[in-house]
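Structure at a glance
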Amino acid sequence: MKIVAVYSTKGGAGKTSAAVNLAWEASRSGAVLLWDLDAQGASTYLTGVKPKLKGGVAKLVKGSNTISDVVREAAFPRPEGHHRIDVVPADDSYRELELMLDSVKGSRRRLEKALKDASGTYDTVILDCPPGASLVAENAVRSADVIVTPVAPAALSLRSLEQVRGVVADSAKPAPILAFLSMVDRRKLSHRRAVEDLPVEHKEIVDVVVPASVVVERMGSERAPVAAFAPRHQVALAYTDLWALVVKAA
Ligand SMILES: Nc1ncnc2c1ncn2[C@@H]1O[C@H](COP(=O)(O)OP(=O)(O)OP(=O)(O)O)[C@@H](O)[C@H]1O
Ligand SMILES: [Mg+2]
């Protein structure tokens, strides 16, 4: 079982969009668990899952509930050849997660522990992390085999890549970072420059570019990954390419 944390300290960078689309890519080759770690519940929403975590997140993190007790299958249709995508939904109980983690022993290893008993069931786990450098993020980073970081072509995003490096370096088990440019608008000179220069200047930034497109926003009305309703769209193909690199890095 490979664990992929989609993480950036920056909000609105494209984490959830990547998490849901990568879950779809991963489901081509095995069973997937997508864990929505953000109280906003965006990946819960985009996968059409009810925003209700049985027993609340505290029971899951403390070990009195297991992942199999709380998962719900993603609601979009599963095409032939795809394996199932199960979702650990986020609900209001997540608002207390940070404080709760802070109050328990082994507060940085709780996610890793909860994931242990899922290892016979899933081939891939995708963690959709909240923004910021929190205990939740530290837990995700600690359990991950690879950290996937969306980087919008703007100075602030590079600053957050630097912060991600810091969080990963402080982890007891630093995993490789795979960063990619997201929301790229090639009509803008600064974006075209970023696509040329950033992968050269930053060793973590790979050559996959996810273009800015309304098709990503359509995920909200379709409640499905892009490839489920626009399989030949450039965005869908970009996530396929990204997934191939994630597999190599993990
Ligand atoms: N490639 C893209 N093109 C156009 N819009 C995009 C693209 N990627 C993401 N978006 C839009 O930008 C917004 C933020 O994206 P997303 O939710 O994936 O980011 P996030 O990093 O998970 O945000 P948060 O930090 O709030 O969890 C969403 O409305 C999404 O539809
Ligand atoms: Mg998100």
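Residues numbered from 1 in each chain as written. Chains lettered and ligands numbered in written order. Predicted model: local features only at pLDDT ≥ 70, side-chain atom pairs only at ≥ 80, totals over all residues. Heavy atoms only, no water.

1. Details of the sheet that holds strand β5 (residues 124-128)
Short version of the rule: Whether two strands pair comes down to DSSP finding at least two bridges between them. Each helix is a run of H or I in the DSSP string that is no shorter than four residues. Each strand is a run of E no shorter than two, and both are numbered from the N terminus. Between two residues, a contact is recorded if the distance between any of their heavy atoms is within 4.5 Å. Lines fitted to the C-alpha atoms define the axes, with helices restricted to the stretch that makes contact. Angles between their N-to-C directions range from 0 to 180 degrees.
Judged by pairing direction, the sheet is mixed, and its 8 strands sit side by side in the order β3-β4-β2-β5-β1-β6-β7-β8 without closing on themselves. The outermost strands of the open sheet, each flanked by one partner alone, are β3 (72-73) and β8 (205-211). Where helix α8 (residues 155-169) meets the sheet, it contacts β6 (146-151), β7 (177-184) and β8, and its direction lies at approximately 165 degrees from that of β6. Each of β1 (2-6), β5, β6, β7 and β8 is contacted by helix α12 (residues 234-249), which is oriented at about 155 degrees to β8, the strand it contacts most.

2. Description of the pairing of β7
Here is the rule: Burial status follows relative accessibility: with a 1.4 Å probe on protein chains alone, a residue under 20% of its type maximum counts as buried, one over 50% as exposed, and anything between as partly exposed. Clockwise travel from the first strand over the helix to the second, with the strands pointing away from the viewer, marks a crossover as right-handed.
With respect to burial, β7 is a largely interior element, 7 of its 8 residues being buried. Bridge count for β6 against β7 is 5 bridges, and the pairing is parallel. Residue pairing across strands places V151 opposite L181, the latter belonging to β7. For the segment spanning β6, α8 and β7, crossover handedness is right-handed. As paired strands, β7 and β8 are joined by 4 bridges and run parallel to one another. Looking at the pairing, S182 lines up with V210 of β8. Read as a crossover between parallel neighbours, the route from β7 over helix α9 (residues 189-201) to β8 is right-handed.

3. With respect to the environment of K116
Summarising the element assignment, K116 is placed in helix α6 (residues 110-116). Overall, the relative accessible area of 58% leaves K116 in the exposed class. Note: C-alpha distance between K116 and V200 (84 residues apart in sequence) is 37 Å.

4. Topic: the site of ligand 1
Which entries qualify depends on this criterion: Any residue with a heavy atom lying within 4 Å of a molecule or strand is counted as near it. N or O atoms closer than or at 3.5 Å make up a polar contact, with two conditions inside protein: a donor-capable atom paired with an acceptor-capable one, and, for residues adjacent in sequence, both atoms drawn from side chains. Per-residue and other accessible areas follow the Shrake-Rupley method at a 1.4 Å probe size, with only the shown protein chains counted as cover for residues. Charged means Asp, Glu, Lys or Arg here, nonpolar means Ala, Val, Leu, Ile, Met, Phe, Trp, Tyr, Cys or Pro, and polar covers whatever is left, Gly included.
With respect to spatial proximity, 17 residues lie near ligand 1, and among them G12, K15, T16, S17 and S213 are the closest. T16 places a main-chain nitrogen or oxygen 2.8 Å from an oxygen atom of ligand 1. The side chain of Q40 places a nitrogen or oxygen atom 3.1 Å from an oxygen atom of ligand 1. Computed on the free molecule, ligand 1 has an accessible area of 630 Å², of which 78% lies beneath the protein chains in the complex. Mapped onto the shell around ligand 1, the elements with two or more residues apiece are α1 (15-26), β8 and α10 (214-222). Here the element with the most residues in the shell around ligand 1 is α1; it accounts for 3 residues. Class assignment for the residues of the shell around ligand 1 results in 7 nonpolar, 7 polar and 3 charged.

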